[in-house]
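# Geometric and topological summary
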Amino acid sequence: MKRDRSPLGDAIALLVCGILAGVLAAAAAFPLVGLAGLVTEDSVASFESLPTELTKPTLPQTSYVYASDGETLITSFYEENRREVTLEEVSPVMIDALLAAEDSKFYEHNGVDWAGIIRAAVANQGGDSQGASTLTMQFVRNTLIYSASTIDEVIAASEDTYERKLREARYAMGIEETMSKEEILQGYLNVIYLGNQAYGVHAGSYTYFNKPPSELTTAEAATLASLPKFPSFADGLLDGEGDDSDIIDRRNWILDRMVGLDMITQAEADEAQEQPLGLNPRPVRSECVDVATPNWGFFCDYFKDWWANQEVFGETERDRLSLLKRGGFRIVTSLDPALQEAAMDAIHDEIDDDDPRALGSVTITPGTGHVRSMAVNRVYSLDQTENGERSDGDDSKPSNYPNTTIPLLSGNEQVSGYPAGSTFKMFVMLAALEQGWPLKTAIPSPSQYASRLYFDETKQPASCNYQVDGKWPWCPSNDGNWSSSPLNMWGMFGRSSNTAFVQLQELVGTSAAFDAAKRAGIDFYSEGGVNDALAHDNVDGYGVFTLGFDPTTPLEMAEAYATVAAKGLHCEPLPVTQIIKADGAEWTEAVAPKCDQAFSESVALAAVSAAHCPVYDNADKTRCSGGTAREAESIDRPVIGKTGTANNDRSYWFIGSTPNATTATFVGDPDNSSNDGIASNFHDEVRSAGVKTLKAAYKDLEEQSWPAPSDKMVNGDDLVSIPSIGCMDPDDARSRVANAGFEASIASGRFNSDCKEGQAFSTSITGSAPKGSPVYILISNGSDHQEEEEDEEEPGGTTPPDRD
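The sections below set out a description of the structure shown in this document.

About the thresholds
Residues numbered from 1 in each chain as written. Predicted model: local features only at pLDDT ≥ 70, side-chain atom pairs only at ≥ 80, totals over all residues. Heavy atoms only, no water. 1 Å grid on protein atoms, 1.4 Å probe; cavity = no way out; pocket = protein on both sides within 12 Å on 5 of 7 lines; lining within 4 Å. Points joined across faces, edges and corners; volume = space filled by probe spheres on them. Nonpolar A, V, L, I, M, F, W, Y, C, P; charged D, E, K, R; others polar. Pairing = 2+ DSSP bridges. Helix = DSSP H or I, 4+ residues; strand = E, 2+ residues; numbered from the N terminus. Axes fitted to C-alpha atoms, helices over the stretch in contact; angles between N-to-C directions. Salt bridge = Lys/Arg side-chain N within 4 Å of Asp/Glu carboxyl O. Buried < 20%, exposed > 50% of the residue type's maximum accessible area, 1.4 Å probe, protein only. Phe/Tyr/Trp six-rings, centres within 6.5 Å; stacked < 30°, edge-to-face > 60°. Lys NZ or Arg CZ within 6 Å of the ring centre and 35° of its normal. Polar contact = N/O pair within 3.5 Å; in protein donor to acceptor, adjacent residues only side chain to side chain. Disulfide = S-S within 2.5 Å. Expected span 1.5 Å × (residues − 1). Contact = heavy atoms within 4.5 Å. Parallel < 35°, antiparallel > 145°, perpendicular 65-115°, else oblique.

On to empty space enclosed by the protein. Counting across every chain of the model gives 5 cavities of 30 Å³ or more. The computed volume of the second largest cavity comes to approximately 70 Å³. Its residues assigned to classes, the lining of the second largest cavity comprises 6 nonpolar, 1 polar and 2 charged.

Rendered as structure tokens:
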């Protein structure tokens, strides 16, 4: 029977045979005691130079992952599900089968079977291929392979050369001097490779027969004993493929050997040889599919992805995951089981799992980034055979409901998330505050605004009803077409004025808002949207940024708003609180929060002040004039938040935060982020689920509050008054504003006012502004003009509905 090995040159083989023959001749010529003394001296000396991998072997071990209480097991990670066993836990017939196959003289030699080596060398010269490694030598080899940290070390420990065999022989003699036969045998049983990523008899028993090694039958034991020398014999067999003739022949040969060694009777061998292999492989496991509670799978998946991306765990992703599966860590995560359950209950109060709409939430701790819950109305499962129909009509792949393993909450390069809607207005406001625009800055909020941005020659749904120089201006409007007199930042953020925020974005530049979003934690995986504008060097021309056309994930939105809640301190999401190594040492570096001051504290607290308004929290120095999340009034802590409706109701968001808990809740279609109307008539349910989850998140936490914004952030510093404009010639109005120290220009389009058509009636921003700021002169369309009541008062407005 041929063994898989590299052939050696005849000269080397003959030389080794000659040397070994000399050793035997010496054994015959010298007294036995004298030769034994030589061997003993050599083995003791060799032990002193044994690698520590042999004297203190470290085998791959399972890592266990726990919830935040440090007691609730979430799952385990392993490379071959190793569990070391004692000899008492292994069936005696398994031990006999391995001894018969690998080393029937195990209890007679001192680690090396010299006669066997010579016999094998001679046989190899005749064209046959025999092995001569004792069980002790195999224990040495496999332990060195296990302990190898480089490919070169693996090759050195496993290459089929006489040099390696002689090195193993020296190590084996040293091992026999320090370990009992039982200890060596037990070590061998736990380290031997049995194919299909099964290491040790415990893993092998479950991999091929799904039973513990104590319950193996004679036929099963002989089958496993076939694999140490020929692990490739099992290739494909677990998948119902491959040829089983080689492994059956090898099994039957071992059974005959066991008869010859008086381990079993001929009748027992005959019965076993008549049996088929009878493989019963253990089902393939996915660590996160096998979590203790099914809805924890999405957190588990995020934890695994996080680990794979941390450089502290290794140079490559493969190295890092290998460490997780081999390192024997005790990992305590940030997952709060009680909060996770409460979040799932809040979701299931509104929707079932078998629904194309995904309703989910993520809760993060501001100031650390610890991820406390990840909940969604889905089952984390590989079995998607009974899933519903996809909303995008693509039948080539399964839908995401009710079962999926797609990272719906955390996203990746393939899953970019859901349109953000008006939640992105936070980043425009942060950019404005950084540039010196105070909270009291007042901007008109017409029902429709003719922006300075233009579409191409083709008219779009959001185009104005007129052209300028052959192009259609972009005319965003407020949801519900409400209008208002100029709003300060509290008012425009609280009432979520689209038209006011488009103007504010024009003042500060989209590139500044884009930068603020990235610093807060938004990754922008999608290739379209703002990334497409970036590729074309036209970010400032990307006007829809503030309206949240770009997709994001609940994890990123929780991260970004937690940055504001933490007074501008941005912390990367972190799913772990403690990692203990196999030796008991705590790995503090790996679990330390990674934070940076993304925004100054004064800017963040000003944003906090405005963010009180959407959730009806009239904190100190706020000047709110309406909100969009009435449900949040039941929150009995200082709170900030924002709602967001994506274009055509493709998603809807509610983000709420106290100083020590941030929750981002959404509804959307994971199969089709452009599914118009998916969030229609579901806004109340999203807010309800979000408020319930946030309440559960802060329930057991100390009540905290934010300081009021500084007077500078409220009123500005070194601002210049903007001249008032009332029913006057546009050029005269532009000159008046320019002479005050501003960059004045006439806005495109016409706006509702009670001035005559063509007259200037106001500016894009009123009150005061930093010197040199762009200020646009607004021109009346005459819609409200009445000849008998001409005056220069600024118009009032209609009250917006209580929604975003």
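With that settled, the discussion passes to the sheet that holds strand 16 (residues 651-658). The 5 strands are arranged 5-4-17-16-15 in an open sheet whose pairing can be described as antiparallel. On the outer flanks of this sheet lie strand 5 (371-376) and strand 15 (640-645), each paired with one strand and no other. Averaged over all pairs of adjacent strands, the angle between strand axes in this sheet comes to 5°, irrespective of strand direction.

If you walk across this open sheet you meet the 3 strands as 19-22-20, and the pairing is mixed. The open sheet has two edge strands, strand 19 (743-746) and strand 20 (760-763), and neither has a second partner. Ignoring which end each strand starts from, the neighbouring axes of this sheet average 30° apart. Relative to strand 22 (residues 774-779), strand 20 is paired through 3 bridges, and the arrangement is antiparallel. From the neighbouring strand, Ser-762 faces strand 22, where its bridge partner is Leu-778.

As a further point, take the pattern of salt bridges. If you walk through the whole model with that rule in mind, you get 24 salt bridges. The closest approach of N and O atoms between Glu-102 and Lys-229, which form a salt bridge, is 2.7 Å. Of the two residues, Glu-102 sits in helix 4 (residues 92-102) while Lys-229 sits in the loop between helix 11 (218-225) and helix 12 (245-260), which places them 127 residues apart along the sequence. The shortest N-O distance in the salt bridge between Lys-181 and Glu-176 comes to 2.9 Å. Summarising the burial analysis for this pair, Lys-181 and Glu-176 share the class buried.

Inspection of every chain in the model, using the stated rule, returns 23 aromatic pairs. Residues Trp-306 and Phe-313 carry aromatic rings whose centres are separated by 5.9 Å and whose planes lie at 75° to one another, so their mutual orientation is edge-to-face. Residues Tyr-418 and Phe-666 carry aromatic rings whose centres are separated by 4.4 Å and whose planes lie at 25° to one another, so their mutual orientation is stacked. Note that Tyr-418 is positioned in strand 8 (residues 418-419) and Phe-666 in strand 17 (residues 661-668), a separation of 248 residues in sequence. Taken together, Phe-77, Phe-303, Trp-306, Trp-307, Phe-313, Phe-329 and Trp-587 form an aromatic cluster joined through their ring pairs. Sitting over the face of the ring of Phe-106, Lys-181 holds its NZ or CZ atom 4.5 Å from the ring centroid. Residue placement shows Lys-518 over the ring face of Phe-514; its charged tip is 4.2 Å from the ring centre.

A regular strand places its side chains so that they alternate between the two faces of the sheet. Strand 15 sits mainly inside the fold: 6 of its 6 residues count as buried. Side chains of strand 15 alternate between two faces, with Ile-640, Lys-642 and Gly-644 and Gly-641, Thr-643 and Thr-645 buried alike. Hairpin connection between strand 15 and strand 16: a loop of 5 residues separates the two successive antiparallel strands, and Asn-648 in this loop has a positive phi of roughly 60°.

Moving on, we come to the side chain of Thr-763. Mapping Thr-763 onto the fold places it in strand 20. For Thr-763, the side chain forms a polar contact with the main-chain oxygen of Ile-765, separated by 2.5 Å.

So, about the state of the cysteines. One pass over the full model with this rule turns up 5 disulfides. Bridging Cys-288 to Cys-300, the disulfide has an S-S length of 2.1 Å. Negative torsions about the S-S bond denote left-handed disulfides, and the value of about -75° found for Cys-288 with Cys-300 makes this one left-handed. Placement of the pair is Cys-288 in the loop between helix 13 (266-273) and helix 14 (297-308) and Cys-300 in helix 14, with a sequence separation of 12 residues. Residue Cys-288 shares its accessibility class with Cys-300, and that shared class is buried. Covalently, Cys-727 is tied to Cys-755 through a disulfide, its sulfur atoms 1.9 Å apart. Disulfide Cys-727 to Cys-755: torsion about the S-S bond roughly -85°, handedness left-handed. Note that Cys-727 is positioned in the loop between strand 18 (719-721) and helix 27 (730-739) and Cys-755 in the loop between strand 19 and strand 20, a separation of 28 residues in sequence. On the basis of relative accessible area, Cys-755 is assigned to the buried category, the value being 3%.

This paragraph deals with helix 8 (residues 162-178). The end-to-end C-alpha distance of helix 8 is 25 Å, a good match for the 24 Å that 17 residues give at a rise of 1.5 Å each. Within helix 8, the full set of buried residues consists of Tyr-162, Arg-164, Lys-165, Glu-168, Ala-169, Tyr-171, Ala-172, Met-173, Gly-174, Ile-175 and Glu-176.

If you trace the backbone, Trp-706 turns up in the loop between helix 25 (683-698) and helix 26 (711-715). Here the alpha-carbon distance between Trp-706 and Ser-609, two residues 97 residues apart in the chain, equals 8.8 Å. Apart from residues lying up to four places away in sequence, Trp-706 is in contact with Ala-565, Leu-605, Val-608, His-612, Pro-638, Val-639, Ile-640, Ser-657, Thr-658 and Pro-659. Among the polar contacts listed, one links the side chain of Trp-706 to the backbone oxygen of Ala-565, at a separation of 2.8 Å.

Moving on: the packing of helix 17 (residues 425-434) against helix 20 (residues 510-520). The interhelical angle for the contact between helix 17 and helix 20, taken along N-to-C directions, is 110°, at an axis separation of 8 Å. Between helix 17 and helix 20, the interaxial angle falls into the category roughly perpendicular. Listed contacts from helix 20 to Phe-427, Val-428, Leu-430, Ala-431 and Glu-434 of helix 17 are Ala-512, Ala-513, Ala-516, Ala-517, Arg-519 and Ala-520. Partitioned by chemical class, the residues of the contact of helix 17 with helix 20 number 9 nonpolar, no polar and 2 charged.

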